[in-house]
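In case you want the letters, here they are:
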Amino acid sequence: MKFTLLCGVILVVATTALMAVEYQLKAQDNQAAGLVHAELITELFTTTAANAVAVSDIDGLSNRLLADFGARDDVSSVYVANVNRRVIASYGDVQYEIGDRAADHLVQSAVGAVDTRVEMVGDEIRVAEPVFYNGRLIGAVVATVPMSAVVTPAIDIIARQVLIASVALIIFLPLVALIVRKALGPVRRLTEAARLASSRKLDLRIEVNTGDELEVLANAFNRMFARLDASVKRVHRLAYVDMITELPNRERFRKEVERVAREATESGEEGAILFLDLDRFKRVNDSLGIGEGDRLLEAVGRRLREAVRGWDLSQGELTKEPSMVARLGGDEFTVLLPRLRDSADAARLARRIVDSVRRPFEISGHQVFLGISAGIACFPRDGSDPETLLRHADLAMASVKRAGGNACEFFESSMNQSAFERLVLENELREAVRDDQLVVFYQPKVSMVDGSIAGAEALVRWRHPTAGLLSPGAFIQAAEECGLIGEIGDWVLRRACQEAQILRERGMNIPVAVNVSAMQFESEGFSQTVLEALQDSGLPPELLELELTESTAMREPERVIEQIEPLRRLGVTFAIDDFGTGHSSLSYLTRMPFDVFKIDQSFVRDMSQDEHARIVVETILAMAKSLKLKTVAEGVETNDQYRALRALGATLAQGYLFGRPMPFAELETFAAPGGQQSVAG
């Protein structure tokens, strides 16, 4: 419309300009035509009146000739003067009377120059024509012709031109509008396409077949929209889909939980989310490699989809909106149940998922067994926003993990308190490491031969500012979960080496045993850390013993051998702690470069009442003897246990029978000559 109006305005302006030019040209043509006309009629009258002037027929000149000539519409006045310029006859409004000498310059020029004179005075044309008779000048005729009588009036010209212009506009404007509409059709389609694209509708195609630049532009738009559509879909996929399992990712799951929880709150219905964490996945991932681990995650994702899809189908009309399985990251998955009949349904689905994941997975020819821990949070009871629900379900899952995993549990409000207490404990533990609140206690090891001290095990304690002295059971798990266990283990190692060196400088060569956590042992710089502790303290390597749990030692036997062999060559000894409680492979056990087996205290405590425990102890001692390894019996509390172990061939023993864990100063007293009472005999 704007373009049409613009064309109309341009057309009106152009027509007006043309009208002005035409009017100007017409006025000039009218003036020229008027001059010619005035000169012509005056010349004709002069020729007619020449005879009357020559014979001085004044009556005939005045009453007949002048009257007829002056009565014309194109003559307003006329007079005749003789050769002496005296007026001899006149008609109309003449300024001279009969007999007056005309002072008119036209008459003077005409008589004097014997030539026709013409001039414009206002809107009148005045013509002076000399009169000749038989070739002799006998006078002059002066006629006044009004311009309006010989030309078309300006108003008539304008009216005619306006009429022509109006007709032209009436005819051409609709044609212009039609042409403009047709010409701008492709532009409108391009504009509409751009508008739709701005609203993220990119799956469109612009059809323009004009054969000109607009068609080229439309094709460019189509290619651009196709690329944008592909890019947007890819970005959407990257933003909302997990690339390994093809499941929705954390962000997509969070948005769906937000929407579904809001609708459930408004409608008064109940739903739930399940927080799932695979058991033993890290061990499998480390064994098979990251690539196979990703394949395993993909297989787990398929199992979860199948289990949840089967659940949806079994619920019939209740699940008009399907449940959603998502992967949060790592080995963590979630399930969204939009609607529940009751909360027990969530537990039923969780158990179905646990049973599904229990079945072995076939990965690259290997059968892999996993477990899964499930925490359940219901909405709106346990929260109405994604963050709260996920946090609560995660707390419930963590509770399942601590209980052994491979099960499900609902969130309870007490878990929040436990989580808060654990967070406080972790923060206090960080302060303890920073402020040097940790101390090392030592539990003596005695020789089975004579009961003399043969070493000591370093055990960490925490001097809490308000709770007093805390044993490892109160904070080690928290240290493992918050990642401080490695830092604490390194600190204990350095302190134990320093204090063992102090004893050595005082004449007491007592080997010190230090427990090594799995996280600490698996770090890349473990061997270097041990070497630095020995170098900084000056302690000979043969006075340092490092204890690994059986599960840590057997997790990656080849890597364990590679990690400890350089230290053993220096003289550091290694012990397997809690031997008999894990699942060791005897084929690896004979190859492992260990020096000591530590018999778990549970076997020692029960060996006098439980025949099976006694058999385990005998087997461990016989195996150690065959492999030429030392043994340390833990948890010896009675003389009967001591005598029985000595009879079976145990090398060393430690327990309350000989001494409880004690500070370094007490250990120094205990280790001094006469400091402890022998139990040998």
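Quick caveat, the model's predicted, so the values are computed rather than measured. (Residues numbered from 1 in each chain as written. Predicted model: local features only at pLDDT ≥ 70, side-chain atom pairs only at ≥ 80, totals over all residues. Heavy atoms only, no water.)

Asks: Would you mind showing me how to read the sheet that holds strand β5 (residues 136-146) here?
Replies: Each strand in a sheet pairs with another by means of backbone hydrogen bonds, the pair being arranged parallel or else antiparallel. The strand order β2-β1-β5-β4-β3 describes an open sheet built from five strands, whose pairing is antiparallel. Only two strands of the sheet have a single neighbouring strand rather than two, namely β2 (87-92) and β3 (117-121). Neighbour-to-neighbour, the strand axes of the sheet open up by a mean angle of 15°, direction not taken into account. Pairing geometry for strand β1 (residues 77-82) and β2, over five bridges, is antiparallel. (Pairing = 2+ DSSP bridges. Helix = DSSP H or I, 4+ residues; strand = E, 2+ residues; numbered from the N terminus. Axes fitted to C-alpha atoms, helices over the stretch in contact; angles between N-to-C directions.)

Asks: What is the right way to look at the sheet that holds strand β6 (residues 271-279) in this model?
Replies: Taken in spatial order, the five strands of this open sheet run β7-β8-β6-β11-β12, and their pairing is mixed. The open sheet terminates on both sides in strands that have one partner only, identified here as β7 (324-329) and β12 (408-410). Within this sheet the neighbouring strands show an average axis-to-axis angle of 20°, counted without direction. Summarising the sheet, β6 and strand β11 (residues 371-379) pair through nine bridges and their orientation is antiparallel. Looking at the pairing, G271 lines up with F379 of β11. Running over the sheet, helix α11 (residues 386-402) touches β6, β7, β8 (332-337), β11 and β12 and is turned about 145° from β11. (Contact = heavy atoms within 4.5 Å.)

Asks: Can you walk me through empty space enclosed by the protein in this structure?
Replies: Empty space among the atoms can be located by rolling a probe the size of a water molecule over them. Under the defined criterion, the tally for this structure stands at three cavities of 30 Å³ or more. Put simply, the largest cavity is a space of about 50 Å³. Elements with a minimum of two residues in the lining of the largest cavity: α14 (485-505) and α23 (664-671). Considering every element that reaches the lining of the largest cavity, the biggest residue donor is α14, with four residues. (1 Å grid on protein atoms, 1.4 Å probe; cavity = no way out; pocket = protein on both sides within 12 Å on 5 of 7 lines; lining within 4 Å. Points joined across faces, edges and corners; volume = space filled by probe spheres on them.)

Asks: Explain the nonpolar core to me, please; I cannot follow it from the model alone.
Replies: Of all hydrophobic cores here, the largest spans 78 residues; its most connected members are Y442, L544, L546, F594 and L645. Looking at which element gives the most residues to this core, the answer is α14, with nine residues. Beyond its immediate stretch of four places on either side in the chain, Y442 contacts A456, E457, A458, R495, A496, E499, V512, R660, P661, M662, F664 and L667. Counting 35 residues, the second largest nonpolar core, distinct from the first, contains L247, F281, L297 and F333. (Core = buried A, V, L, I, M, F, W, Y, C linked by side-chain atoms within 4.5 Å. Buried < 20%, exposed > 50% of the residue type's maximum accessible area, 1.4 Å probe, protein only.)

Asks: How should the side chain of Q654 be read in this particular structure?
Replies: Here Q654 lies in the loop between β21 (652-653) and α23. Of the polar contacts made by the side chain of Q654, one reaches the side chain of Q443; its length is 3.1 Å. For Q654, the side chain forms a polar contact with the side chain of E457, separated by 2.9 Å. Setting aside residues up to four positions removed in sequence, Q654 forms contacts with Q443, P444, K445, E457, K598, V632, A633, E634, G635 and V636. (Polar contact = N/O pair within 3.5 Å; in protein donor to acceptor, adjacent residues only side chain to side chain.)

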